[in-house]
Amino acid sequence: MLFQCLVLVSFSVILLQLRTVSGQSSFLQSNSINGTGIILPRIIYISPKMTVVSGGKALLRCFVEHLGTNKVLWIHARDGQFTALTDGGSRITSDTRFTVEVKSATQYNLEIREVYEEDAGEYQCQIAARSVVTKSTHITVHIPPVITEESSRRLQIGEGSKVYLECNATGFPKPRVHWGRENDAILPMGGTQFWGSVLEIPQINRNDRGIYICFAENGVGRGDRRSIPVLVEFPPEITVPRPETPVNRGDSAELECVVEGFPDPWIDWYNDLGELVRNVDESFITTNLVAGNEMKTGKLSVKSVRDEHYGKYRCHAENEKGAADAEVKLMHGSSAVVIKPLCALLFILAAVQMS
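Residues numbered from 1 in each chain as written. Predicted model: local features only at pLDDT ≥ 70, side-chain atom pairs only at ≥ 80, totals over all residues. Heavy atoms only, no water.

Report on unusual backbone geometry, specifying residues and quantitative values.
Here Phe 172 and Pro 173 are connected by a cis peptide whose omega angle stands at -5°. Within the secondary structure, Pro 173 sits in the loop between β13 (169-172) and β14 (176-181). Of the consecutive residues Phe 262 and Pro 263, the connecting peptide bond is found in the cis state with omega at 0°. With respect to the helices and strands, the residue Pro 263 is situated in the loop between β20 (253-262) and β21 (266-270). One non-glycine residue, His 66, lies in the positive phi region at around 55°. Relative to the helices and strands, His 66 is located in the loop between β3 (58-65) and β4 (72-78). His 66 sits in the partly exposed class, given a relative accessible area of 38%. For Asp 79, which is not glycine, the phi dihedral falls at a positive 50°. Checked against the element boundaries, Asp 79 lands in the loop between β4 and β5 (81-87). (Helix = DSSP H or I, 4+ residues; strand = E, 2+ residues; numbered from the N terminus. Buried < 20%, exposed > 50% of the residue type's maximum accessible area, 1.4 Å probe, protein only.)

Break down the pattern of salt bridges for me, with residues and values.
Applying the stated rule across the entire model yields 18 salt bridges. Its salt-bridge partner being Lys 103, residue Glu 101 comes within 3.9 Å of it at the nearest N-O pair. Across the salt bridge formed by Glu 159 and Arg 206, the nearest N and O atoms sit 2.9 Å from each other. One end of the pair, Glu 159, is in the loop between β11 (155-158) and β12 (163-166); the other, Arg 206, is in the loop between β16 (198-201) and β17 (210-217), with 47 residues separating them in the sequence. (Salt bridge = Lys/Arg side-chain N within 4 Å of Asp/Glu carboxyl O.)

So, the side chain of Arg 97: which residues are in play, and what are the values?
Residue position: Arg 97 is located in the loop between β6 (90-91) and β7 (98-104). For Arg 97, a relative accessible area of 8% corresponds to the buried category. Of the polar contacts made by the side chain of Arg 97, one reaches the side chain of Asp 119; its length is 2.7 Å. Not counting the four nearest positions on each side in its chain, Arg 97 is found in contact with Glu 111, Ile 112, Arg 113, Glu 114, Val 115, Tyr 116 and Asp 119. (Polar contact = N/O pair within 3.5 Å; in protein donor to acceptor, adjacent residues only side chain to side chain. Contact = heavy atoms within 4.5 Å.)

Could you give an account of the packing of aromatic side chains, with specific residues and numbers?
Geometry of an aromatic ring pair is reported as the spacing of the ring centres plus the angle between the planes. Evaluated as defined, the whole model comprises 2 aromatic pairs. Ring plane angle 55° and centroid distance 6.2 Å describe the contact between Phe 284 and Tyr 313, whose orientation is recorded as tilted. Taken together, the positions of Phe 284 in strand β22 (residues 284-292) and Tyr 313 in strand β24 (residues 311-319) put the pair 29 residues apart, joining distant regions of the chain. The pair formed by Phe 284 and Tyr 313 is uniform in burial state, with each residue classed as buried. Directly above the aromatic system of Trp 195 lies the positively charged group of Arg 176, at a separation of 4.3 Å from the ring centroid. Geometry around Tyr 270 places Arg 314 over its ring, the cationic atom sitting 4.4 Å from the centre. (Phe/Tyr/Trp six-rings, centres within 6.5 Å; stacked < 30°, edge-to-face > 60°. Lys NZ or Arg CZ within 6 Å of the ring centre and 35° of its normal.)

Describe the sheet that holds strand β8 (residues 107-112), listing the residues and the values that go with them.
Strand pairing in a sheet takes place through backbone hydrogen bonds and is either antiparallel or parallel in direction. Strand order in this open sheet of 4 strands is β1-β3-β8-β7, and the pairing throughout is antiparallel. In this open sheet, the two edge strands, each paired with only one partner strand, are β1 (42-46) and β7. The sheet shows a mean angle of 25° between the axes of neighbouring strands, direction not considered. Relative to β8, β7 runs antiparallel, the two being bridged by 6 bridges. Residue pairing for β8: Phe 98 is matched across the bridge by Ile 112. (Pairing = 2+ DSSP bridges. Axes fitted to C-alpha atoms, helices over the stretch in contact; angles between N-to-C directions.)

Give me the pairing of β24: which residues, what numbers.
Pairing of β21 with β24 involves 5 bridges; the strand directions are antiparallel. Across the sheet, the residue bridging to Ile 267 is Ala 317, located in β24. With 9 bridges connecting them, β24 and strand β25 (residues 322-332) associate as antiparallel partners. Looking at the pairing, Tyr 313 lines up with Val 328 of β25. Connecting β24 to the antiparallel partner β25 that follows it, the hairpin turn spans 2 residues.

Describe in detail the confidence of the model for the protein, supporting the description with residues and values.
Counting all residues, the mean pLDDT for the protein is 86, and 83% of those residues have values of 70 or more. Overall, residues 1-32 carries pLDDT values under 50, and its contacts beyond four positions in sequence, including any with other chains, amount to 8 contacts. This model gives residues 335-348 a pLDDT under 50, and the stretch forms 1 contact once residues within four places in sequence are excluded. (pLDDT = per-residue confidence, 0-100.)

In structure tokens:
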């Protein structure tokens, strides 16, 4: 019985030894060149794919083992072109943004400062052994939007014309473009926002003038924007705040008309004889006050009204797109004073008769 146990134990030890030898042989076979027993170098880790914003920094790590006397290289591959960046612990590219750091005999880090668009692509960690060993990773470079110089800028055009405002932007991912107006004013097609690179206004009018803003966004950074002034040319229009101005003899008077138009109209005043009123003496003074948004006020001032000053005056406004006229009457102040009591008296008499 004891003999049988000894035989069984001996047989088990022999099997264990055979398995151990077999395992070592298999390990040597998988890590040797042609079964010579030489252990091959290998890459055990490389940084995963990453996305970097243009101008930022990238750090790629590569861990190796069994390197021996072999060297580790970093290589950049883009559009079929391969560029060696480092060799062992040395930088071999002339681009000083690239540096290599050997943390240990097993770790080689590649750092890229101020990443550019052209730095995108595949990066290979390579062991230059008798049989080259390579692992790859990839860098994607995101670029904030920039509106191109060819996009629309200041625009001046006649009322009724068809208008195209264009806004194109570079960047990665491809930027999305939308339009708005200053102070969230309503766009000609309605709403406060329009998505697309081309904003079309089929028939522009004076109410469409103002600042249009192009926005370009792609999720990188704060985006880009451009303000585009749109100036609409139209003939003058005149509004008279007080068509009749009653003034007593000897008092000063001021006649005015409000003019809207673009380009900026010039304003003249004419008397009821069709004569141009000029600042030839101290009797009349003409002034123009700019109120903004293509609005200006023309004023005709009379320092001391005399009998010959009473009558009709014509405000004339003109620009390259057309002309307009409006009438203002300088009246005797006494007329206005007398008329009111007279009207009241007649109203009272009529009421008495009806009763």
